[in-house]
Amino acid sequence: MEHKNAWLAYDEPQLAELEKLATNYIDFISANKTERECVATAIEQAREAGYVSLDEARAAGKQLVAGDKVYAELYGKTIILAHIGSRPMQDGLNILGAHVDSPRLDIKQNPLYESGDLALLDTHYYGGIKKYQWVTLPLAIHGVIAKKDGSVERMNVGEDAGDPVFCITDLLIHLANDQMQKKASEVVEGENLDVLAGGRPAAKTEDKENAEKTELEKLAEKEPVKATMLALLAEKYGMEEEDFLSSELEVVPAGRARELGFDRSMVLGYGHDDRVCAFPSLVAQLEASDLEKTGICILVDKEEIGSVGATGMTSMFFENTIAELMDLAGQAGDLPLRRCLANSSMLSSDVSAGFDPSYASAFETKNAAYLGRGVVFNKFTGARGKSGSNDANAEYMAKIRSIMDKGNAAFQTAELGRVDVGGGGTIAYILAEYGMNVIDCGVPVLSMHAPWEVVDKADMYEALKAYRAFLKYA
């Protein structure tokens with residue numbers, strides 16, 4: 001059973017819509033490289049589309065009715081958008097759930113040091129990465145610096161044409177005989193993923209008495225490059241070294257996403273996993289109108305490290321938000337809430353491994369996802385004997401097929417590689433614990449979890465069509 005390439009079915013209006021979506025997506029992932037940035041942009045777009053915050057609705061004493069649009073966010077890292085449908089919420093919700101965190105390097109709480117007349121920042125990698133892929137790349141730093149006075153400074157360095165960039169160095173090939181004998185997992189050690197951040201020493205103030213010198217001037221006597229770094233951070237962000245303790249600074253690849261290939265059919269960019277699903281999910285949610293069942297879009301944090309923490313999918317934020325929505329809709333109560341969750345349907349909008357002919361042995365070709373053949377349904381993920389997986393039931397899969405037909409969405413089905421080769425997980429199993437039907441549905445990706453990943457424009461377009469159809473017909 002082979003699925004046709006989706007490009008072959010498009011007419012000129014569809015191609016124009018596809019290219020518009022791809023252009024907007026390239027702008028989105030180029031500007032939003034952290035979960036905070038994604039959520040902030042989602043809020044901005046939601047408010048433009050007529051959404052109000054749940055807190056605002058509650059403060060105004062508003063009763064939610066069909067057609068109302070509200071959102072709730074948590075700590076700027078996770079957001080839930082709801083478009084109220086005409087049917088009671090205990091009949092179930094139609095949920096699109098994607099994550100907006102991506103593999104990266106996080107700067108440690110006590111990161112800055114000087115060695116060999118260079119200033120470096122110590123990092124701890126976030127999510128599953130091949131560590132050797134992160135060396136000798138231009139890198140940017142995005143994040144926030146929270147200070148004791150309650151103020152928060154935002155940092156975004158390395159993206160604008162006039163910005164400096166950063167990098168992690170590698171050993172020159174001429175001296176790398178021992179390094180080249182190591183396993184790939186050991187070629188670059190996690191503790192060696194230190195970001196090169198500066199090399200200019202501060203001038204020493206030898207004309208001053210020690211008692212007259214500032215702390216930075218005293219530091220410059222011993223660590224002049226580090227002193228320069230701290231002086232620059234103080235000037236730009238009003239930051240002192242101790243403020244690293246309450247900062248969240250993420251190291252990501254620098255630069256915009258780009259069209260890939262002579263035919264411009266693909267996109268090369270950072271963070272396709274999972275923003276290539278989050279973006280069309282958001283677009284479908286904001287476009288939706290006249291829904292029977294309430295449509296929900298979840299853009300969630302922490303999936304790459306197990307969906308843990310307050311802003312991860314395992315927290316109570318989702319359940320609490322739905323309870324708040326039902327209360328404002330005059331449908332409060334524990335039993336109606338339980339019925340609502342159990343009767344809901346969900347697409348866990350997460351990416352799948354695209355078939356790569358350069359590594360064909362990792363795939364089972366009959367059950368692989370191919371770029372350009374449409375959105376991918378993974379009935380199950382997990383590892384080994386489907387361990388850790390949500391395994392969607394046959395009846396739900398049949399219903400999904402019917403919905404895709406109604407939405408004219410090209411789709412394919414796949415497993416995550418050959419049996420026993422590896423595996424992975426999503427947020428699907430977490431929502432399935434409520435008893436709702438859930439299946440993984442997303443875009444195939446090449447070089448997943450690399451600093452630069454590859455997707456096909458057609459697959460993203462078909463994902464949008466699938467998400468639109470799901471909100472309307474599920």
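Residues numbered from 1 in each chain as written. Predicted model: local features only at pLDDT ≥ 70, side-chain atom pairs only at ≥ 80, totals over all residues. Heavy atoms only, no water.

Caption draft 1: Up close: the overall build of the protein. Check the secondary structure of the protein and you find 12 helices and 22 strands. The C-alpha atoms of the protein give 24 Å as radius of gyration, which agrees with the globular expectation for 474 residues (23 Å, within 12%). Over its C-alpha atoms, taken along the principal directions, the protein stretches across nearly 80 × 60 × 45 Å. A buried classification covers 53% of the 474 residues belonging to the protein. Here the contacts in the protein between residues at least 6 apart in sequence split such that 76% fall between residues at least 24 apart. Accessible surface, the protein: about 21600 Å² in total, of which carbon and sulfur atoms supply 50%. (Helix = DSSP H or I, 4+ residues; strand = E, 2+ residues; numbered from the N terminus. Rg over C-alpha atoms; globule rule 2.2 N^0.38 Å. Buried < 20%, exposed > 50% of the residue type's maximum accessible area, 1.4 Å probe, protein only. Contact = heavy atoms within 4.5 Å. Areas by Shrake-Rupley, 256 points an atom, 1.4 Å probe, with all protein chains shown as cover.)

Caption draft 2: Quick peek at the packing of aromatic side chains. Under the counting rule described, the total for this entry stands at eight aromatic pairs. Seen from their ring centres, F28 and F279 are 5.0 Å apart, and the 40° between their planes marks the pair as tilted. Placement of F28 in helix α1 (residues 12-31) and of F279 in helix α7 (residues 272-287) is noted, with a sequence separation of 251 residues between them. Note on F318 and Y434: the rings are 6.1 Å apart at their centroids and 55° apart in plane angle, and the pair reads as tilted. On the criterion of sequence distance, the pair formed by F318 in helix α8 (residues 317-328) and Y434 in the loop between α11 (428-432) and β20 (437-442) is long-range, its members being 116 residues apart. For F318, a relative accessible area of 3% gives the class buried. Among the aromatic residues, those joined into a cluster by ring pairs are W7, Y10 and Y461. In this structure, R104 packs its charged tip against the face of Y126, placed 3.7 Å from the ring centre. Cation over ring: K386 sits above F380, and NZ or CZ is 4.0 Å from the ring centre. (Phe/Tyr/Trp six-rings, centres within 6.5 Å; stacked < 30°, edge-to-face > 60°. Lys NZ or Arg CZ within 6 Å of the ring centre and 35° of its normal.)

Caption draft 3: Geometry of the sheet that holds strand β8 (residues 152-157). Ordered in space as β8-β7-β10-β5-β6-β9, the six strands form an open sheet in which the pairing is antiparallel. Strands with a single pairing partner mark the edges of an open sheet, and in this sheet they are β8 and β9 (195-198). Within the sheet, the average angular offset between the axes of one strand and its neighbour, ignoring direction, is 30°. Bridge count for strand β7 (residues 139-146) against strand β10 (residues 247-253) is seven bridges, and the pairing is antiparallel. Counterpart to H142 in the pairing with β10 is E250. (Pairing = 2+ DSSP bridges. Axes fitted to C-alpha atoms, helices over the stretch in contact; angles between N-to-C directions.)

Caption draft 4: Region of interest: the sheet that holds strand β11 (residues 258-260). Overall, antiparallel pairing links the three strands, which are arranged β11-β12-β22 in an open sheet. Taken across any chain shown, the strands that pair with only one partner, and hence form the sheet edges, are β11 and β22 (453-456). Averaged over neighbouring strand pairs, the angle between their axes works out to 35° when direction is ignored. Note: strand β12 (residues 266-269) against β22, four bridges, orientation antiparallel. Bridge pairing in β22 places G269 opposite E453. Strand contacts of helix α12 (residues 457-473): β11, β12 and β22, with the helix running at about 65° to β22, the strand carrying the most contacts.

Caption draft 5: Focus on the pattern of salt bridges. Summed over the entire model, instances satisfying the criterion amount to 29 salt bridges. Taking the shortest distance from any N to any O, the salt bridge between D122 and K108 comes out at 3.5 Å. Of the two residues, D122 sits in strand β6 (residues 118-126) while K108 sits in strand β5 (residues 104-115), which places them 14 residues apart along the sequence. In this structure, K108 and E191 form a salt bridge, with 3.1 Å as the shortest nitrogen-oxygen distance. Of the two residues, K108 is situated in strand β5 and E191 in the loop between α4 (184-187) and β9; the sequence distance between them amounts to 83 residues. (Salt bridge = Lys/Arg side-chain N within 4 Å of Asp/Glu carboxyl O.)

Caption draft 6: Representation of helix α10 (residues 394-406) in the model. Here α10 is 13 residues long and its end C-alpha atoms lie 19 Å apart, about the 18 Å a rise of 1.5 Å per residue gives. Along α10, the residues that are buried comprise Y396, M397, I400, I403 and M404. The buried residues of α10 all sit within an arc of 115° when viewed along its axis, so they share a single face. Those residues of α10 that are exposed and angled more than 90 degrees off the buried face are A394, E395, D405 and K406. Here the buried face of α10 lies against β14 (345-348), β16 (375-378), β18 (411-413), β20 and α12. Measuring from the side-chain oxygen of the N-cap residue of α10 to the backbone nitrogen of E395 gives 3.2 Å; that N-cap residue is N393. With its phi angle positive at about 55°, N408 sits one or two positions after the end of α10. (Expected span 1.5 Å × (residues − 1). Arc of directions from axis to C-beta. Polar contact = N/O pair within 3.5 Å; in protein donor to acceptor, adjacent residues only side chain to side chain.)

Caption draft 7: Region of interest: the pairing of strand β3 (residues 78-83). The buried fraction of β3 amounts to six of the six residues, a majority that puts the element mostly inside the structure. Burial along β3 is two-sided: T78, I80 and A82 and I79, L81 and H83, pointing in opposite directions, are all buried. In this sheet, β3 lies alongside strand β2 (residues 69-74) in antiparallel orientation, the contact comprising six bridges. From the neighbouring strand, K69 faces β3, where its bridge partner is H83. In this structure, the hairpin formed by β2 and β3 is closed by a connection of three residues, where Y75 is found at a positive phi of approximately 55°. Two elements, β3 and strand β13 (residues 294-300), share five bridges in a ladder whose sense is antiparallel. Residue pairing for β13: I80 is matched across the bridge by I298.

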